[in-house]
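# Observations on chain architecture
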Amino acid sequence: ANVYYQYGNVSPHPIYQSYTDNSGANWYQMELIPTGGGTDFSWPEVGVWTDNGDRRKMVIAAGNNAGTFEVWSRRYYNGIWPEHYRIVDLGESAPYPQICTRGTNILVAYRQSGGSYYVGGGAHLNNQTGENGAWHDVNDLFYHNLPYNGCAPVDCCSDGTRFFAASAGTGSSPRNQILTKR
């Protein structure tokens, strides 16, 4: 069993993994996404898949670097956790990232509040089992419909064939909007 969480009482917070290999009799702790001296991490999520019989997983988290938010990840494969890396730089509001997998394809959906990207619900797709440098922006995912600044305003899932994303957004009218894409 594995558990992923924000660790510590004082910012900046790293993301940790605790795991057991004996039904909970003993737990081991590992710093998974370190602060690098200043990035404050929160909102860890995990995606799990298999690739040629190898069990793989990726942990993503929101990083706050001096008031600018980012989405970071670290991938487990071939029995090791290589270095963590940044997937995308975003704006000044928390992105609340979510992850889902479909075979060896990975979708990370998040709230983007500007920065180098438009304002709205956004996503990045990786078709190469999570390789760094293989991420692609999903253009116009919930464009100009900024999700609420609150717990999990954007989510994603897969039925094994397709990816789905949903956003609870503010829209451009006085009405609240729930949007979905496939």
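So, here is what we can say about the structure in this document. In this text, all values refer to a predicted model and were calculated from it rather than measured experimentally.

### A closer look at the packing of aromatic side chains
- Evaluated as defined, the whole model comprises seven aromatic pairs.
- Measuring from ring centre to ring centre gives 6.3 Å for Tyr5 and Tyr16, while their planes differ by 25°; the resulting arrangement is stacked. One end of the pair, Tyr5, is in strand β1 (residues 2-6); the other, Tyr16, is in strand β2 (residues 15-19), with eleven residues separating them in the sequence.
- Owing to a relative accessible area of 21%, Tyr5 belongs among the partly exposed residues under this scheme.
- A relative accessible area of 14% means that Tyr16 is categorised as buried.
- Among the aromatic residues, those joined into a ring-pair cluster are Tyr5, Tyr7 and Tyr16.

### Details of the sheet that holds β2
- What the three strands build is an open sheet, ordered β1-β2-β3; its pairing is antiparallel. At either margin of the open sheet sits one strand with a lone partner, and together these are β1 and β3 (28-33). Strand-to-strand twist in this sheet, taken as the mean axis angle between neighbours without regard to direction, amounts to 25°.
- With five bridges connecting them, β1 and β2 associate as antiparallel partners.

### A word on the pairing of strand β9 (residues 105-113)
- With nine of nine residues buried, β9 is to be regarded as a mostly interior element.
- Side chains of β9 alternate between two faces, with Asn105, Leu107, Ala109, Arg111 and Ser113 and Ile106, Val108, Tyr110 and Gln112 buried alike.
- Judged from the five bridges that link them, strand β8 (residues 98-102) and β9 form a sheet pairing that is antiparallel. Its bridge partner lying in β9, Thr101 is registered against Ile106.
- The hairpin turn running from β8 into β9, its antiparallel successor, is two residues long, and Gly103 in that turn takes a positive phi close to 65°.

### Quick word on the environment of Arg55
- Inspection of the secondary structure puts Arg55 in strand β5 (residues 54-65).
- Distance from Arg55 to Gly79, taken between C-alpha atoms, is 8.6 Å for residues 24 residues apart in sequence.
- Arg55 has contacts with Val48, Trp49, Thr50 and Tyr76, leaving out every residue within four places of it along the chain.

Calculation notes
Residues numbered from 1 in each chain as written. Predicted model: local features only at pLDDT ≥ 70, side-chain atom pairs only at ≥ 80, totals over all residues. Heavy atoms only, no water. Phe/Tyr/Trp six-rings, centres within 6.5 Å; stacked < 30°, edge-to-face > 60°. Helix = DSSP H or I, 4+ residues; strand = E, 2+ residues; numbered from the N terminus. Buried < 20%, exposed > 50% of the residue type's maximum accessible area, 1.4 Å probe, protein only. Pairing = 2+ DSSP bridges. Axes fitted to C-alpha atoms, helices over the stretch in contact; angles between N-to-C directions. Contact = heavy atoms within 4.5 Å.

Keep in mind these numbers describe shape, not what the thing actually does.
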